[in-house]
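# Structure assessment
Residues per chain, in single letters:
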Amino acid sequence: MAIFTYTDTTEMVISDNSDDYAIIPVFGTTGAVTDVSITLLNIQHTYADDLDMILFAPEFQNLVFMSDAGEGANLAGDYTFSDNGFIAIQDIELTTAIAPGIYLPAAYEEIEDANDFATVGDLPLFHAPSSGVDSFASQFGGLDANGFWYLVIADDEGADQGTLDGWSLTIETDGVDADVLGTEIADTVTIASKTASSGTFDISYDVFTRGFEFEGVTGTFYIDTGLGNDTITGGSGSEWIEGGEGNDTIDGGAGEDTASYSTASAGVFVRLLAGGPQDTLSAGIDTLVAIENLFGSAFRDRLEGDDGSNRVDAGDGDDRVYGHGGNDVIVLDMGNDRAWGGGQDDRIYGQDGNDRIYG
């Protein structure tokens, strides 16, 4: 199980007799969705009953999670809507502001449809109780979470207006890994882990930053930054980093990290002993720091470990692999390969082809 939280801090003005929307791009999740919750950040509104709110998943599965609730009470603060809430906001006249907290989804009175939302279009809408029977689990459970999620807020009456400082979306999946794809220009990727399984992740390019907090990522972070001159800084967990084309700086951080060249368009020459920028021949001029393992391309590579204990997977092609010091694991694949262990307690595995193995 892994839990990912994404946050958008774009302010929304909630105007009379109109609706607006905000978008969060979800990326990096693996497995299927098992739970979803949404938090409204510092929402201010003087008449809660005016509001109708919908959450849309990437394929337009949706839930009207708050509608016509709270009568004339104010909203002021952070409100989370979750299937794990203790109570729902009631459809009764309240004399005080609705206390910030965690609430069950609730929709009252009329059944909203696409005609009530200018931004929704001709889509069927699914409602939480009591006007409906649906929940976050029934609408979003089992989905692939990756893609664009939309929050739509409508104010269907006059006289009262409000603002929203942003929102966050928490998604729980049955996966244990994270799988992140960068862009075609220069990305800055940072994983700041509190432990091997939780922390924060940001991917920045141009002037826009996307990120998430994570818990329960007990497997591997798979990072493919794509094209561009990228900077990748790992955390304390195990990262699998595909720098791609461009001149990349890859710092694995703590943990056991792998620099992969599996997407290279031709053979590469990569040395963990290089200690600075190195010309990989077909994948740019890369700088590798705190990288323990290498994964080669499908072509003829020369791959070298360092004086620590490394794992080197050669990939296809007629490769040359040097373990150097440490107790190394070298895995050869298709092709006529040669491997030198380096004189320590090494394990070298030949595969298809006529391989030469030297201890």
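Residues numbered from 1 in each chain as written. Predicted model: local features only at pLDDT ≥ 70, side-chain atom pairs only at ≥ 80, totals over all residues. Heavy atoms only, no water.

What follows deals with the overall build of the protein chain. Per the secondary structure count, the protein chain includes one helix and 33 strands. Referenced to the eigenvectors of the C-alpha coordinate spread, the extents of the protein chain come out at roughly 80 × 35 × 35 Å. Looking at the 359 residues of the protein chain, the share that counts as buried comes to 50%. Within the protein chain, contacts between residues separated by at least 24 positions form 52% of all contacts whose residues are at least 6 apart in sequence. Accessible area for the protein chain stands at about 15200 Å²; split by element, carbon and sulfur atoms hold 50% of it. Side-chain charges of the protein chain comprise 10 positive and 66 negative groups, with the mean position of each set lying 30 Å from the other. (Helix = DSSP H or I, 4+ residues; strand = E, 2+ residues; numbered from the N terminus. Buried < 20%, exposed > 50% of the residue type's maximum accessible area, 1.4 Å probe, protein only. Contact = heavy atoms within 4.5 Å. Areas by Shrake-Rupley, 256 points an atom, 1.4 Å probe, with all protein chains shown as cover. Lys, Arg positive; Asp, Glu negative; His and termini not counted. Charge placed at Lys NZ, Arg CZ, Asp CG, Glu CD.)

What follows concerns the environment of isoleucine 98. Relative to the elements of secondary structure, isoleucine 98 occurs in the loop between β8 (87-88) and β9 (101-104). When its relative accessible area of 6% is taken as the criterion, isoleucine 98 is described as buried. Considering only alpha carbons, one finds isoleucine 98 and tyrosine 79, 19 residues apart in sequence, at a separation of 9.4 Å. Look past the residues within four positions of isoleucine 98 in its chain and what remains in contact with it is Ala48, Gly70, Ala73, Asn74, Leu75, Tyr79, Ile89 and Tyr103.

Take unusual backbone geometry next. That bond from proline 129 to serine 130 is cis: its omega, 15°, falls within 30 degrees of zero. With respect to the element layout, serine 130 can be found in the loop between β10 (106-107) and α1 (136-140). Despite not being glycine, phenylalanine 60 has its phi angle at roughly 70°, a positive value. For phenylalanine 60, the location among the structural elements is in the loop between β5 (51-56) and β6 (62-67). A positive phi angle, close to 55°, is found at alanine 290, a residue other than glycine. Secondary-structure assignment places alanine 290 in the loop between β25 (285-289) and β26 (293-295). The class of alanine 290 is partly exposed, set by a relative accessible area of 33%.

Bringing the packing of aromatic side chains into the picture now. Under the criterion given, the structure shown has 20 aromatic pairs. Pairing phenylalanine 4 with phenylalanine 212 gives two aromatic rings, centres 5.3 Å apart and planes at 80°, and the pair type is edge-to-face. With phenylalanine 4 in strand β1 (residues 2-8) and phenylalanine 212 in strand β17 (residues 208-215), this pair connects stretches of sequence that are 208 residues apart. Here the two residues phenylalanine 4 and phenylalanine 212 agree in accessibility, since each one is buried. Each residue in the set Phe4, Tyr6, Phe27, Phe201, Phe212, Phe214 and Phe221 is aromatic and connected to the rest through ring pairs, giving one cluster. (Phe/Tyr/Trp six-rings, centres within 6.5 Å; stacked < 30°, edge-to-face > 60°.)

Another point: the pattern of salt bridges. Taken as a whole and assessed by the stated rule, the structure comprises three salt bridges. One salt bridge connects arginine 311 with aspartate 313, and the closest N-O pair in it is separated by 2.8 Å. Through salt bridges that share partners, Arg271, Arg302 and Glu304 make up one connected network. (Salt bridge = Lys/Arg side-chain N within 4 Å of Asp/Glu carboxyl O.)

Attention now goes to the sheet that holds β5. Read across the open sheet, the five strands follow the order β3-β11-β5-β6-β10; overall the sheet is mixed. Only two strands of the sheet have a single neighbouring strand rather than two, namely β3 (18-26) and β10. (Pairing = 2+ DSSP bridges.)

Just geometry here; none of it tells us what the structure is for.
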